[in-house]
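Each chain is listed here by its residues.
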Amino acid sequence: VVNKLCETQRFVIKGDTSDADFWDRIQKHHSIEYILLTLPKFNTTLAVIEQLKEAKFSGKIACATKYNEDIQKLEEKGIMTVANIFTDAGAGFANHVIDNINSVK
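Just so you know, these numbers come straight off a predicted model, no measurement behind them.

Let's shift gears to the side chain of Thr65. For Thr65, the location among the structural elements is in strand S2 (residues 60-65). The contacts of Thr65, once residues within four sequence positions are left out, are Phe42, Asp70, Ile71, Leu74, Val82, Ala83, Asn84 and Ile85.

It is worth spelling out the side chain of Asn84 at this point. Here Asn84 shows up in strand S3 (residues 81-84). Relative accessible area serves as the criterion here: at 7%, Asn84 is assigned to the buried category. At 3.0 Å, the side chain of Asn84 and the backbone nitrogen of Thr87 are in polar contact. Beyond its immediate chain neighbours, meaning those up to four positions away, Asn84 contacts Thr65, Lys66, Tyr67, Asn68, Ile71 and Ala89.

Scoring rules and cut-offs
Residues numbered from 1 in each chain as written. Predicted model: local features only at pLDDT ≥ 70, side-chain atom pairs only at ≥ 80, totals over all residues. Heavy atoms only, no water. Helix = DSSP H or I, 4+ residues; strand = E, 2+ residues; numbered from the N terminus. Contact = heavy atoms within 4.5 Å. Buried < 20%, exposed > 50% of the residue type's maximum accessible area, 1.4 Å probe, protein only. Polar contact = N/O pair within 3.5 Å; in protein donor to acceptor, adjacent residues only side chain to side chain.

By themselves, these observations are geometric and do not establish any function.
Here you go:
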């Protein structure tokens with residue numbers, strides 16, 4: 001995904017939120033418009049959102065989560081969009097299969 005976004009002339013920073021270097025790079029680039037969080041633990045996602053607020057990040061944040069009950073909590077934090085990885089992965093997989101079936105015909 002990062003490579004595809006870079007090909008469209010977008011500036012993309014890929015990083016690990018547990019890496020201090022990542023936060024230094026975020027601080028240096030105040031033109032960041034969107035952050036997509038795909039972290040394995042919900043508590044980590046919440047902690048990162050708080051770090052972004054403390055850093056005065058004014059862009060949009062999108063998150064992936066495993067559980068539907070987390071969606072409302074994230075939306076209450078002001079998250080732009082939240083995706084359930086299982087629901088969306090299933091839908092994406094189904095579309096991929098349909099595309100491949102259609103290309104074989």
